[in-house]
Amino acid sequence: MHVLVTGAAGFLGSHLTDRLLAEGHSVLGVDNLSTGTLDNLAHLSREPRFHFEQHDICVPFDPGPVDYVFNFASPASPPEYQRLAIETLRTGSLGTQHTLEWASRYNAGYLHASTSECYGDPLVHPQTEEYWGHVNPVGPRSMYDEAKRYAEALVMAYHRTRGVNTHLVRIFNTYGPRLRPGDGRVISNFMMQALRGEPLTIYGDGRQTRSFCYVDDLIEGILRLSRADMHLPVNIGNPSEFTILECAQAVLEVTGSKSELRFEPLPQDDPTRRCPDISRARALLGWEPRIALKEGLAKSLDFFRRKAGSPAAPADGR
Ligand code: NAD
Ligand code: UDP
């Protein structure tokens with residue numbers, strides 16, 4: 001297949017590109033480099049089946065015939081989507097519509113990277129796909145949450161009225177190599193702080209929870225979903241739930257760091273609990289994650305060690 005990946009220079013888009021190439025497909029990667037970096041694609045510079053175009057998906061453009069579109073373009077970390085608030089809303093709405101037009105025009109399959117943030121600060125736990133969410137439409141996370149919820153509605157509309165073969169994955173917190181140090185997400189912050197001997201910054205009392213999925217597990221689930229006959233959203237994530245304090249402890253153990261913990265204010269509307277119910281993915285795709293948190297952190301250690309050795313990367317996205 002000839003596959004288009006938007007957001008290809010990002011954390012997840014670059015891993016997805018690697019897997020698609022390994023399966024024998026050719027890939028056109030599109031990215032505006034707003035939060036991604038060409039470093040994530042540097043190893044593909046001599047790969048004849050990979051082409052890259054620096055392009056903003058909000059600006060109309062015709063990629064030519066493609067067999068499948070994976071739409072991964074969007075800022076994803078809270079400090080980044082807050083810095084790029086209007087761009088995030090445009091990317092989720094206008095940009096996503098452009099990618100759906102490509103799929104419609106070329107009769108291509110389509111998968112959109114949605115998010116557990118569609119559930120907001122959830123009142124149902126763990127979160128099933130049927131839960132409609134508890135989202136603040138005007139709060140500090142609204143530019144991301146509402147862009148992603150609008151994008152889901154847009155995807156369903158193209159499926160229902162144009163017959164596009166769409167797929168929606170709701171991704172829960174994912175980590176691994178290429179998670180950009182300095183973009184402010186918890187695993188990259190903690191790994192960088194631990195490796196530099198700086199205090200780990202715990203927001204709030206650290207009792208809020210997240211459920212962390214290693215990137216290889218996530219990509220496997222997404223590829224299976226892309227081939228499935230399912231158009232409603234599917235949660236892909238790791239149902240092992242950790243408090244942020246437990247996550248900090250795991251990072252200290254894996255890195256062997258003696259860093260202290262520093263407590264800082266909890267950002268407004270930071271979800272209290274988050275854990276995927278993955279029954280649908282299990283039944284439909286025969287998928288479940290295999291890599292536990294400490295194992296995944298150990299697999300990510302080399303990447304963060306290299307980054308911690310380079311003075312350019314700040315450790316906290318705030
Ligand atoms: P990332 O910031 O590393 O990657 C996003 C990429 O999209 C970047 O390379 C950025 O430059 C590009 N981009 C942004 N706006 C664009 C535009 N208008 N045109 C073209 N390119 C644009 O983030 P990520 O973690 O790899 O996330 C990828 C996707 O997965 C996002 O849609 C995100 O919302 C979703 N997601 C990720 C997670 C996670 O835990 N990593 C969780 C839920 C959802
Ligand atoms: N967090 C933290 N310290 C940090 C970065 C994040 O305690 O240095 C917390 C943050 O408040 C949230 C959780 O870790 O409760 C996950 O944050 P992240 O930004 O990675 O993702 P999201 O909030 O979007 O799930």
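Fair warning: this is a prediction, and the values are worked out from it, not measured in the lab.

A. Spatial organisation of the overall build of the protein chain. Of the regular secondary structure elements, the protein chain holds nine helices and 13 strands. Against the 2.2 N^0.38 benchmark of 20 Å for 318 residues, the protein chain shows a C-alpha radius of gyration of 19 Å, consistent with a compact globule. Its C-alpha atoms put the protein chain at 55 × 45 × 40 Å along the principal axes. Expressed as a percentage of contacts within the protein chain between residues at least 6 apart in sequence, the contacts between residues at least 24 apart total 82%. Total accessible area computed for the protein chain in this model is approximately 13300 Å², and 52% of it derives from carbon and sulfur atoms. The protein chain carries 33 positive and 38 negative side-chain charges, and their two centres are separated by 2 Å.

B. Molecular detail of the site of ligand 1. Looking at ligand 1, there are 29 residues lining it, with Leu12, Asp31, Thr35, Tyr144 and Lys148 nearest. A distance of 2.9 Å is found between an oxygen atom of ligand 1 and a backbone nitrogen or oxygen belonging to Phe11. Leu33 is positioned such that a nitrogen or oxygen atom in its backbone is 3.5 Å from an oxygen atom of ligand 1. For ligand 1, whose free accessible area comes to 820 Å², the fraction covered by protein is 96%. Of all the elements in the fold, those that place two or more residues in the shell around ligand 1 are α1 (11-22), β5 (109-115) and α4 (142-162). Looking at the shell around ligand 1 residue by residue, the classes come out as 12 nonpolar, 13 polar and four charged.

C. Structural view of the site of ligand 2. The local shell around ligand 2 holds 16 residues, among which Val186, Thr201, Arg210, Asp270 and Arg274 are the closest. Val186 is positioned with one of its backbone polar atoms (N or O) 2.8 Å from an oxygen atom of ligand 2. Interatomic distance of 3.0 Å between a side-chain N/O atom of Gln208 and an oxygen atom of ligand 2. A total of 520 Å² of accessible area belongs to ligand 2 in isolation, and the protein chains cover 95% of it. Elements supplying a minimum of two residues to the shell around ligand 2: α5 (186-195) and β8 (200-203). Here the residues of the shell around ligand 2 sort into six nonpolar, five polar and five charged.

D. Quick look at the environment of Val251. Here Val251 shows up in helix α7 (residues 244-255). Considered as a pair, Val251 and Arg282 are 31 residues apart in the sequence and their alpha carbons are 29 Å apart. Not counting the four nearest positions on each side in its chain, Val251 is found in contact with Phe190, Met191, Ala194 and Leu297.

E. Highlighting the nonpolar core. Counting residues in each nonpolar core, the largest one holds 60 residues, and the members touching the most others are Phe70, Phe72, Ile187 and Leu297. Among the elements that take part in this core, α7 stands out by supplying seven residues, more than any other. Ignoring anything within four residues of it in the chain, the contact list for Phe70 reads Val3, Leu4, Val5, Thr6, Leu16, Leu20, Leu111, Ile222, Leu223 and Ser226. If you look at the next biggest cluster of nonpolar residues, it comprises 19 residues, including Leu100, Ala103, Ala108 and Leu154.

F. Looking closely at the packing of α7 against helix α9 (residues 293-309). The geometry of α7 relative to α9 is characterised by a closest axis approach of 10 Å and an angle of 50° between their N-to-C directions. When the axes of α7 and α9 are compared, the pair comes out oblique. The two elements α7 and α9 meet at a crossing, and its hand is right-handed. For the pair α7 and α9, the contacting residues are Ala250, Val251, Glu253, Val254 and Thr255 in the first and Leu293, Lys294, Leu297, Ala298 and Leu301 in the second. The residue inventory of the contact of α7 with α9, partitioned by class, reads seven nonpolar, one polar and two charged.

G. Layout of the layout of surface pockets. Quantified by volume, the second largest pocket comes out at close to 300 Å³. Lining the second largest pocket are 16 residues, with Glu129, Trp132, Glu152, Arg170 and Pro233 sitting closest to its centre. Among the secondary structure elements, those contributing two or more residues to the lining of the second largest pocket are α4 and β6 (166-171). Looking at the lining of the second largest pocket element by element, the count peaks at five residues for α4. When its residues are assigned to classes, the lining of the second largest pocket shows nine nonpolar, no polar and seven charged.

H. Main features of the side chain of Thr96. Among the secondary structure elements, Thr96 is positioned in helix α3 (residues 85-106). A distance of 3.3 Å separates a polar atom in the side chain of Thr96 from a polar atom in the side chain of Asn71. At a separation of 3.0 Å, a polar atom in the side chain of Thr96 contacts the main-chain carbonyl oxygen of Gly92. Setting aside its immediate chain neighbours within four residues, Thr96 contacts Ile57, Asn71, Thr91, Tyr110, His112, Ala151 and Leu154.

I. Geometry of the pairing of β8. Residues Leu200 and Ile202 line one face of β8 and the alternating positions Thr201 and Tyr203 line the opposite face, and both faces are buried. Where β8 and strand β13 (residues 261-264) come together, four bridges link them in parallel fashion. In the sheet register, Tyr203 faces β13, and the bridge partner there is Glu264.

The rules behind each value
Residues numbered from 1 in each chain as written. Chains lettered and ligands numbered in written order. Predicted model: local features only at pLDDT ≥ 70, side-chain atom pairs only at ≥ 80, totals over all residues. Heavy atoms only, no water. Helix = DSSP H or I, 4+ residues; strand = E, 2+ residues; numbered from the N terminus. Rg over C-alpha atoms; globule rule 2.2 N^0.38 Å. Contact = heavy atoms within 4.5 Å. Areas by Shrake-Rupley, 256 points an atom, 1.4 Å probe, with all protein chains shown as cover. Lys, Arg positive; Asp, Glu negative; His and termini not counted. Charge placed at Lys NZ, Arg CZ, Asp CG, Glu CD. Near = heavy atom within 4 Å. Polar contact = N/O pair within 3.5 Å; in protein donor to acceptor, adjacent residues only side chain to side chain. Nonpolar A, V, L, I, M, F, W, Y, C, P; charged D, E, K, R; others polar. Core = buried A, V, L, I, M, F, W, Y, C linked by side-chain atoms within 4.5 Å. Buried < 20%, exposed > 50% of the residue type's maximum accessible area, 1.4 Å probe, protein only. Axes fitted to C-alpha atoms, helices over the stretch in contact; angles between N-to-C directions. Parallel < 35°, antiparallel > 145°, perpendicular 65-115°, else oblique. Left-handed = near helix turned anticlockwise from the far one by under 90°. 1 Å grid on protein atoms, 1.4 Å probe; cavity = no way out; pocket = protein on both sides within 12 Å on 5 of 7 lines; lining within 4 Å. Points joined across faces, edges and corners; volume = space filled by probe spheres on them. Pairing = 2+ DSSP bridges.

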